[in-house]
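One-letter residues, chain by chain:
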Amino acid sequence: MTKFFSGLLGDHSSCRPTIKVTTFIVLLSLYYGFVLNYPIVSKIFSLSSDIPDVWFPYTAPLVLFCAFIVVFTLLAVPYLMKPFMVILTLSSAVALYAELTYHILFDVSMIENVVGTNTSEISFYLNLRSFLYILVFGISPSLLICWVKVEFRETLWKEISSRIILVLLALVSVSLIAVTSYKDYAAVGRNNSYLNKMIIPGHAYNTYQYIQKNYLTKPLPYVSLGDDAKLAPSKNKKPTLVIFVLGETARSMNFEDNGYHRDTQPYTKKLGLVSFNHVSSCGTYTALSVPCMFSNMERIHYNKAKANAQDNALDIIAKSGVETLWVDNDGGDKGVAKRTKLIKIDPKEDSTLCNGETCFDEVMLKHTNKFIQSNNKDKLIVLHSIGSHGPTYFQRFPAEKAKFAPWCNSKDIEQCTDQEITNVYDNTLVYTDYFLSQVVKTLQQYSGQYNVAMMYMSDHGESLGENGMYLHGTPYALAPKEQKMVPWMMWVPQQYATQKHIDVDCLKREAQKTHYSQDNFFHSLIGFYGVDTQEKQTQMDVFSTCQVKT
């Protein structure tokens with residue numbers, strides 16, 4: 001073999017620079033180790049203030065550089081190397097922007113969140129700063145990758161031997177660093193296990209894991225739950241009508257009913273809502289929290305594949321003869337409404353409430369009324385609101401509903417002050433409160449025909465700059481309380497309380513002192529509606545403690 005992959009990259013007489021493949025690997029490794037992984041290197045520097053060895057943090061980019069040499073040497077396959085590295089570099093630039101701007105870590109759970117995001121939601125994150133990051137750190141180096149000619153050695157043996165030497169040099173370098181700094185790496189790594197999730201391009205491996213888990217694994221056999229479900233009859237003979245509002249990105253501590261110092265609930269003040277003050281979420285992003293809360297599994301045992309292969313709370317309530325509807329204004333039902341009538345809001349359907357890309361949550365009410373008026377049967381309606389979805393918080397409420405100023409009026413929230421971000425976020429909660437009051441008003445109109453009630457719970461919370469963190473999606477073990485504590489409120493008029501045997505005063509006392517989580521939601525929604533089934537665990541039903549004995 002006199003030429004190894006000769007002519008692979010075209011005419012070598014052109015003006016394009018030509019480099020050996022090993023040089024190409026070294027340059028790529030330098031870029032990934034010293035530039036794209038700035039977030040983790042910077043974090044290691046900040047964590048090393050108490051370590052006596054002042055040189056320890058400076059070895060971090062060297063270790064990454066050597067590790068990338070090993071990885072990229074294995075990936076340097078003719079014809080595939082350049083396309084793969086272009087895709088990897090472009091996506092790594094996105095990951096760099098997300099880590100630096102929002103402190104997002106692209107583990108498997110975040111990949112699931114990204115996959116579950118629709119195109120409209122993606123547009124919320126597109127701005128000048130994100131484009132510049134992608135241009136400088138992704139597109140520009142990708143053009144260089146495409147432009148430069150990579151030359152393989154004349155024979156296969158020379159190519160293999162040169163790579164072996166390169167890998168050995170990298171391994172020896174890592175070994176020398178380990179001799180002097182292993183103790184420091186062990187200490188920092190053991191106390192900060194999230195660091196490995198900061199490595200770019202870890203998202204590529206986690207994407208593979210997500211695909212393997214969700215698309216290349218045989219689905220579990222389906223399990224039917226709640227076949228014994230029965231709806232307890234009401235003494236007044238009226239059918240039951242419950243609306244559950246599924247919130248988005250609303251955090252508990254910014255609700256006035258939960259002790260917040262601002263008036264974020266001006267519209268429901270006189271409605272007597274029961275507000276549970278201490279409720280934790282199942283996850284920190286919608287694609288996990290929503291199917292988890294509707295499943296019968298607790299957070300620590302939640303398994304997506306198992307949840308997809310069995311009935312959820314909506315399905316069980318429907319088995320009791322209740323008609324169910326899911327109206328979605330927030331990027332999909334995440335698989336919960338597969339066996340439920342589903343209406344997805346078209347952002348172009350109402351020019352007064354929609355801007356072509358997104359709609360205010362009020363738009364769901366016309367679908368709600370139409371469904372209620374279709375017949376006089378028992379009904380459960382889920383309204384999946386867009387609520388406080390960021391970073392475009394300013395698009396979640398009409399300007400005339402704004403209560404706090406000045407507010408951040410841009411998707412580039414990094415250009416806004418923390419106070420402006422808090423103001424715009426609190427304005428989304430004011431509008432949520434208005435929307436809830438309109439839901440109650442709608443239900444009141446049907447109280448002569450139905451026993452009516454409303455429940456509201458958010459899927460997860462949100463960071464607004466506390467400890468330098470923004471948005472949500474942080475791995476649960478590392479997530480701050482702002483992302484995990486959620487509001488859970490309900491409107492229980494006397495007629496409904498009487499028919500369902502609920503002591504509302506007792507419920508209000510429990511709501512103030514008892515800690516709950518979305519683990520309770522499955523059992524509580526079934527119990528709140530008045531459905532009897534062996535699937536409901538009494539001790540997990542928050543209403544069981546306040547049942548009026550008959």
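Reading the values: the criteria
Residues numbered from 1 in each chain as written. Predicted model: local features only at pLDDT ≥ 70, side-chain atom pairs only at ≥ 80, totals over all residues. Heavy atoms only, no water. UniProt positions renumbered as here; feature names shortened; annotations may be inferred. Helix = DSSP H or I, 4+ residues; strand = E, 2+ residues; numbered from the N terminus. Core = buried A, V, L, I, M, F, W, Y, C linked by side-chain atoms within 4.5 Å. Buried < 20%, exposed > 50% of the residue type's maximum accessible area, 1.4 Å probe, protein only. Domains from an automatic or database assignment. Contact = heavy atoms within 4.5 Å. Buried area = accessible area lost by both parts, 1.4 Å probe. Salt bridge = Lys/Arg side-chain N within 4 Å of Asp/Glu carboxyl O. Polar contact = N/O pair within 3.5 Å; in protein donor to acceptor, adjacent residues only side chain to side chain. Nonpolar A, V, L, I, M, F, W, Y, C, P; charged D, E, K, R; others polar. Pairing = 2+ DSSP bridges. Axes fitted to C-alpha atoms, helices over the stretch in contact; angles between N-to-C directions. Patch = residues over 30% accessible without salt bridge, like charges linked within 9 Å, V, L, I, M, F, W, Y side chains within 5 Å. Areas by Shrake-Rupley, 256 points an atom, 1.4 Å probe, with all protein chains shown as cover. Phe/Tyr/Trp six-rings, centres within 6.5 Å; stacked < 30°, edge-to-face > 60°. Lys NZ or Arg CZ within 6 Å of the ring centre and 35° of its normal.

Novice: Would you take a moment to explain the UniProt feature "transmembrane region" (unreviewed entry) in the chain for this structure?
Specialist: The UniProt entry lists residues 21–40, 55–77, 84–106, 126–148 and 160–182 under the feature "transmembrane region" (unreviewed entry), expressed in the numbering used here. The distance separating the terminal C-alpha atoms of residues 21–40 is 28 Å; by composition the span is 95% helix and 0% strand. Helix and strand shares over residues 160–182 are 100% and 0% respectively, and the end C-alpha atoms of the span are 31 Å apart.

Novice: I'm lost on the nonpolar core in this one. Help?
Specialist: Note that soluble globular proteins tend to have their nonpolar side chains buried in a common cluster. Formed by 95 residues in total, the largest nonpolar core has its most connected members in Val245, Leu383, Val439 and Met454. Residue contributions to this core peak at 11 residues, all from helix α14 (residues 418–445). Both domains that furnish three or more residues to this core are identified here as domain 1 (18–216) and domain 2 (238–540). If we skip the residues at most four places from it in the chain, Leu383 touches Ile243, Phe244, Val245, Leu246, Val327, Met364, Leu365, Thr368, Phe435 and Val439. Counting residues in hydrophobic clusters, the runner-up holds 46 residues, among them Ala229, Val336, Tyr516 and Val531.

Novice: Before we go on, may I ask you to explain the domain arrangement of the chain in this structure?
Specialist: The accessible area lost on association of the parts is a frequent measure of interface size. Looking at the chain, the domain boundaries give domain 1 (18–216) and domain 2 (238–540). One C-alpha centre belongs to domain 1, the other to domain 2; they are set 39 Å apart. Facing 26 residues of domain 1, the contacting portion of domain 2 comprises 29 residues. In total, domain 1 and domain 2 occlude about 2,200 Å² of area from one another, counting both sides; carbon and sulfur atoms represent 52% of this. Its largest share of buried area at the contact with domain 2, domain 1 owes to Tyr102, Glu112 and Phe124, together 29% of the area lost on that side. Here domain 1 is connected to domain 2 by 0 salt bridges. On inspection of domain 1 and its partner domain 2, the count reaches 0 residue pairs in polar contact (both at pLDDT 80 or more). Those elements giving two or more residues to the side of domain 1 that touches domain 2 turn out to be α4 (81–102), α5 (108–115), α6 (119–123), α7 (128–147) and α9 (202–215). A breakdown of the residues in the side of domain 1 that touches domain 2 according to their chemical character gives 11 nonpolar, 10 polar and 5 charged.

Novice: Whenever I open this one, the sheet that holds strand β13 (residues 488–491) confuses me. Can you help?
Specialist: Spatially, the 7 strands line up as an open sheet ordered β5-β13-β10-β4-β9-β7-β8, and their pairing is mixed. Each edge of the sheet is formed by a strand with only one pairing partner; in this case those strands are β5 (274–276) and β8 (341–344). Neighbour-to-neighbour, the strand axes of this sheet turn through a mean angle of 15°, independent of strand direction. Both β5 and β13 contribute to a ladder of 3 bridges, which runs antiparallel.

Novice: Quick question: what am I supposed to make of a nonpolar patch on the surface here?
Specialist: Together, Leu156, Trp157, Ile160, Ile164, Leu168 and Leu171 give the surface a local cluster of nonpolar side chains, amounting to about 600 Å² of exposed area. The residue Leu156 is located in helix α8 (residues 156–191) in this model. On the basis of relative accessibility, which here comes to 40%, the residue Leu156 falls in the partly exposed class.

Novice: I would appreciate a short explanation of the packing of aromatic side chains in the present structure.
Specialist: Aromatic ring pairs are defined here through the distance separating the ring centres and the angle between the ring planes. Per the stated rule, a full pass over the model turns up 28 aromatic pairs. Between Phe244 and Phe294, the aromatic rings sit 6.1 Å apart at their centres with planes inclined by 75°, giving edge-to-face as the arrangement. Of this pair, Phe244 sits in strand β4 (residues 240–247) while Phe294 sits in helix α10 (residues 286–294), and the two are 50 residues apart along the sequence. Grouping residues by exposure puts Phe244 and Phe294 together as buried. Measuring from centroid to centroid gives 5.8 Å for Tyr393 and Tyr425, while their planes differ by 90°, and the two rings are edge-to-face. Placement of the pair is Tyr393 in the loop between β9 (379–384) and α14 and Tyr425 in helix α14, with a sequence separation of 32 residues. Of the two residues examined, Tyr393 and Tyr425, each falls in the buried class. Following the ring pairs from residue to residue traces out a cluster consisting of Phe244, Phe276, Phe294, Trp326, Trp488, Tyr516 and Phe521. Stacked on the ring of Tyr434, the Lys or Arg Lys401 has its end atom at 4.3 Å from the ring centre. Cation over ring: Lys500 sits above Tyr529, and NZ or CZ is 5.5 Å from the ring centre.

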